[in-house]
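Given next are the chains, with one letter for each unit.
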Amino acid sequence: SMTQAIVNLLQGDYDTLISHDAKRLGFLPHDTDVTELTPVLKTILKEGLVDAGSNLHDRKRNLMAISNELNEVFFQYPFSVPPFFALITRGLGLLEGIAQQ
């Protein structure tokens, strides 16, 4: 499921990412109606991933804006962070810290 979600994200298939992958991975309850959520998340993801281009400086600057927008959305909808994902992000943060030293 995680691999398919990454593929959908990279291919820009945000509809499947939101309506199927987010539910299969446990970010959203299976019975959540994503009709209103989908266009909001599509806009945030498109602006953050596609419109930023390949310029690393621009992508880093956009990351904070995306993070703030996602925080607002996450409080409006029943999102939760599955335990496995929290461990993955914690591990990636640790590796990033080591790499920056």
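Before reading further, recall that the structure is shown in the block above.
These notes cover the structure that comes with them. Since the structure is predicted, the reported quantities are computational estimates derived from the model, not experimental observations.

## Thoughts on the pattern of salt bridges
Reasoning step 1: Going through the model one piece at a time under the given rule, you end up with 2 salt bridges.
Reasoning step 2: The shortest N-O distance in the salt bridge between Asp15 and Lys42 comes to 3.4 Å. Here Asp15, found in helix α2 (residues 14-24), pairs with Lys42, found in helix α3 (residues 37-50); they are 27 residues apart in sequence, far enough to count as distant.
Reasoning step 3: Given the relative accessible area of 30%, Lys42 is considered partly exposed.
Reasoning step 4: Among the salt bridges present, the one from Asp21 reaches Arg24, with a minimum N-O distance of 2.9 Å.

## Some thoughts on the side chain of Thr32
Reasoning step 1: Inspection of the secondary structure assignment puts Thr32 in the loop between α2 and α3.
Reasoning step 2: For Thr32, the contacting residues outside a window of four places in its chain are Lys23 and Pro78.

## A few points about the environment of Asp15
Reasoning step 1: Taking relative accessible area as the criterion, Asp15 reaches 39% and is therefore assigned partly exposed.
Reasoning step 2: For the pair Asp15 and Leu41, spaced 26 residues apart in sequence, the C-alpha to C-alpha distance is 9.3 Å.
Reasoning step 3: Ignoring anything within four residues of it in the chain, the contact list for Asp15 reads His20, Thr38 and Lys42.
Reasoning step 4: Of note is the side chain of Asp15, whose polar atom sits 3.4 Å from the side chain of Lys42.

Criteria and thresholds
- Residues numbered from 1 in each chain as written.
- Predicted model: local features only at pLDDT ≥ 70, side-chain atom pairs only at ≥ 80, totals over all residues.
- Heavy atoms only, no water.
- Salt bridge = Lys/Arg side-chain N within 4 Å of Asp/Glu carboxyl O.
- Helix = DSSP H or I, 4+ residues; strand = E, 2+ residues; numbered from the N terminus.
- Buried < 20%, exposed > 50% of the residue type's maximum accessible area, 1.4 Å probe, protein only.
- Contact = heavy atoms within 4.5 Å.
- Polar contact = N/O pair within 3.5 Å; in protein donor to acceptor, adjacent residues only side chain to side chain.

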